[in-house]
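# A structural walkthrough
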Amino acid sequence: MNQGSGFRQKVMQFMQGRYGVDQLSNFLISAAVILALFGMFVRVPALNIICWILIIIGYVRIFSKNINKRYAENQKFLDKTFGIRNVFAKAKYRMKYGKQSSEPYYIYKCKKCGQRIRIPKGKGKIMVTCPKCKYQFKKYSR
Ligand SMILES: [Zn+2]
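Along each chain, the written sequence defines residue order, and numbers are assigned to residues from 1. The predicted origin of the model limits local features to residues at a pLDDT of at least 70 and limits the giving and counting of side-chain atom pairs to 80 or more, whereas totals for whole chains, interfaces and linings rest on all residues. Side-chain calculation: all heavy atoms of the structure are included, whereas hydrogens and water are not.

### Points about the pairing of strand β2 (residues 116–120)
Side chains of β2 alternate between two faces, with Ile117 and Ile119 buried and Arg116, Arg118 and Pro120 left unburied. Judged from the 5 bridges that link them, strand β1 (residues 105–109) and β2 form a sheet pairing that is antiparallel. The residue bridging Tyr108 from the neighbouring strand is Ile117, located in β2. Here a strand pair is declared whenever DSSP counts at least two bridges between the two strands. Comment: elements are numbered from the N terminus, with helices defined as DSSP H or I runs of at least four residues and strands as E runs of at least two. Linking two consecutive strands that pair antiparallel, namely β1 and β2, is a turn of 6 residues; a positive phi of about 85 degrees is found at Gly114 within it. With a 1.4 Å probe rolled over the protein chains alone, any residue whose accessible area is under 20% of its type maximum counts as buried; one over 50% counts as exposed, and the rest are partly exposed.

This is the structure:
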C-alpha cells in the first residue's frame, strides 16, 4: 500500500509543471496503435517507424514543460478536426437512437478558454462546467 502511494507521489512529482495528456496526444497514440494493428495484416515497411514517431511525439507532448505551446497545438488540432469529430459524434448518435433523431446536443464555446462544450438538448435550465478551465455558466437547453 505504502509503496503504491509512494509511486503515485513520484509520478505526481514528475508530472508537476508538465503538460499532461490532451486530445492531440491521445489521437497520436491511438493512431499509432491502430496503425500497428493494421501493420499486423498488411506489410508496409515504413509503418513501424511511423508508429514510433507518433508515439514519441505523443509522449514528448505529454511530458513537455512548455504548457502554453502544447495547449495552443491542441486547440489548433481541435479546431481543425472539429468538423470530422462532429460527423463521428453524429454518426454514433444515429447508430444509437435511429435516423429520425435530430442532433442531440448544442455546441457552445467556453467564454473563458474557447473550449467547445457539448450540451444535451431538452434539459431546460442547466449549469454548464467547462471541462478544461472549470468555468461555470448557465444555459437554457431546449
Ligand atoms: Zn473553459
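Next comes the rest of the account.
### Some remarks on the coordination of the zinc ion
Donor atoms (N, O, S) are those found within 2.8 Å of the metal centre, with the cutoff raised to 3.2 Å for Na, K and Ca; water is not part of the atom list, so apparent gaps in a site can occur. Here the zinc ion is held by Cys110 (SG), Cys113 (SG), Cys130 (SG) and Cys133 (SG), and the distances to it run 2.3 Å. Viewed at the metal, the 4 donor atoms of the zinc ion are separated by angles of 106 to 113 degrees, and the geometry they form is tetrahedral. Each donor residue of the zinc ion belongs to the same chain, with the gaps between them written as C-x2-C-x16-C-x2-C. For a four-donor site, all angles between 85 and 135 degrees give tetrahedral; for four or six donors, opposite pairs above 155 degrees with the remaining angles between 65 and 115 give square planar or octahedral; all remaining cases count as irregular.

### Focus: the packing of aromatic side chains
Two aromatic rings, drawn from Phe, Tyr or Trp (for Trp, its six-membered ring), form a pair once their centres lie within 6.5 Å of each other, and the interplanar angle then sorts them: stacked below 30 degrees, edge-to-face above 60, tilted otherwise. A full pass over the atoms with the stated rule returns 5 aromatic pairs. Both rings, one in Tyr59 and one in Phe63, keep their centres 6.1 Å apart while their planes meet at 25 degrees; by these two values the pair is stacked. For Tyr59, a relative accessible area of 38% puts it in the partly exposed group. Stacked on the ring of Phe14, the Lys or Arg Arg18 has its end atom at 4.1 Å from the ring centre. One residue, Arg118, lies across the ring of Tyr105, its end atom 4.4 Å from the ring centre. Two limits define a charge over a ring: the Lys NZ or Arg CZ must be within 6 Å of the ring centre, and within 35 degrees of the ring normal.

### So, the domain arrangement of the protein chain
Accessible area lost upon the coming together of the parts is a frequently used measure of interface size. The split into domains, and so the bounds of each, comes from an automatic or database assignment of domains. Its domain assignment divides the protein chain into domain 1 (2–101) and domain 2 (104–142). Should any heavy atoms of two residues lie within 4.5 Å, those residues are counted as being in contact. The interface of domain 1 with domain 2 comprises 12 residues on the first partner and 9 residues on the second. Of the roughly 780 Å² buried between domain 1 and domain 2, counting both surfaces, carbon and sulfur atoms make up 48%. Area buried by domain 1 at its contact with domain 2 is led by Tyr71, Phe82 and Tyr93, which between them contribute 48% of it. Put simply, a salt bridge is a Lys or Arg side-chain nitrogen that is within 4 Å of an Asp or Glu carboxyl oxygen. Taken together, the connections running from domain 1 to domain 2 amount to 1 salt bridge. Between Arg116 and Asp79 there is a salt bridge, and its shortest N-O distance comes to 2.8 Å. Pairs of N or O atoms are called polar contacts if they sit within 3.5 Å, as long as, within protein, a hydrogen donor faces a hydrogen acceptor (for residues adjacent in sequence, only side-chain-to-side-chain pairs). Viewed at the interface, domain 2 and domain 1 are joined by 1 residue pair in polar contact (both at pLDDT 80 or more). With 10 residues, helix α4 (residues 67–97) is the single largest residue contributor to the side of domain 1 that touches domain 2. The term buried area means the drop in 1.4 Å probe accessible area that two parts suffer when joined, counted for both and summed.

### Some words on helix α3 (residues 47–62)
Multiply 1.5 Å by the residue count of a helix minus one, and that product is the helix's expected span. In a regular helix each residue adds 1.5 Å, so 16 residues correspond to 22 Å; α3 covers 23 Å between its end C-alpha atoms and thus fits that length. Taken together, the buried positions of α3 are Leu47, Cys51, Leu54, Gly58, Arg61 and Ile62. The buried residues of α3 occupy an angular sector of 105 degrees when the element is viewed end-on, so they sit on one face. Among the exposed residues of α3, those oriented more than 90 degrees off its buried face are Asn48, Ile49, Trp52 and Val60. The reported arc concerns the directions from the helix axis to the C-beta atoms and nothing else.

### Quick word on the layout of surface pockets
Put plainly, a pocket is an open set of points on a 1 Å grid over the protein atoms alone with protein on both sides within 12 Å along at least five of seven lines, a cavity is a set where a 1.4 Å probe fits but cannot get out, and a lining residue has an atom within 4 Å of a point. Grid points are joined across faces, edges and corners, and a volume is the space filled by probe spheres set on the points. Taken as a whole, the largest pocket encloses approximately 310 Å³ of empty space. Around the largest pocket sit 16 residues that line it, and Phe82, Arg85, Ile107, Gln115 and Arg116 are the ones nearest its centre. Every element with two or more residues in the lining of the largest pocket is listed here: α4, β1 and β2. Take the lining of the largest pocket: its biggest share by element is 7 residues, from α4. Any residue outside Ala, Val, Leu, Ile, Met, Phe, Trp, Tyr, Cys, Pro, Asp, Glu, Lys and Arg is labelled polar, Gly included; the first ten of those are nonpolar and the last four are charged. Its residues assigned to classes, the lining of the largest pocket shows 6 nonpolar, 5 polar and 5 charged. A domain-level breakdown of the lining of the largest pocket finds at least three residues from each of domain 1 (2–101) and domain 2 (104–142).

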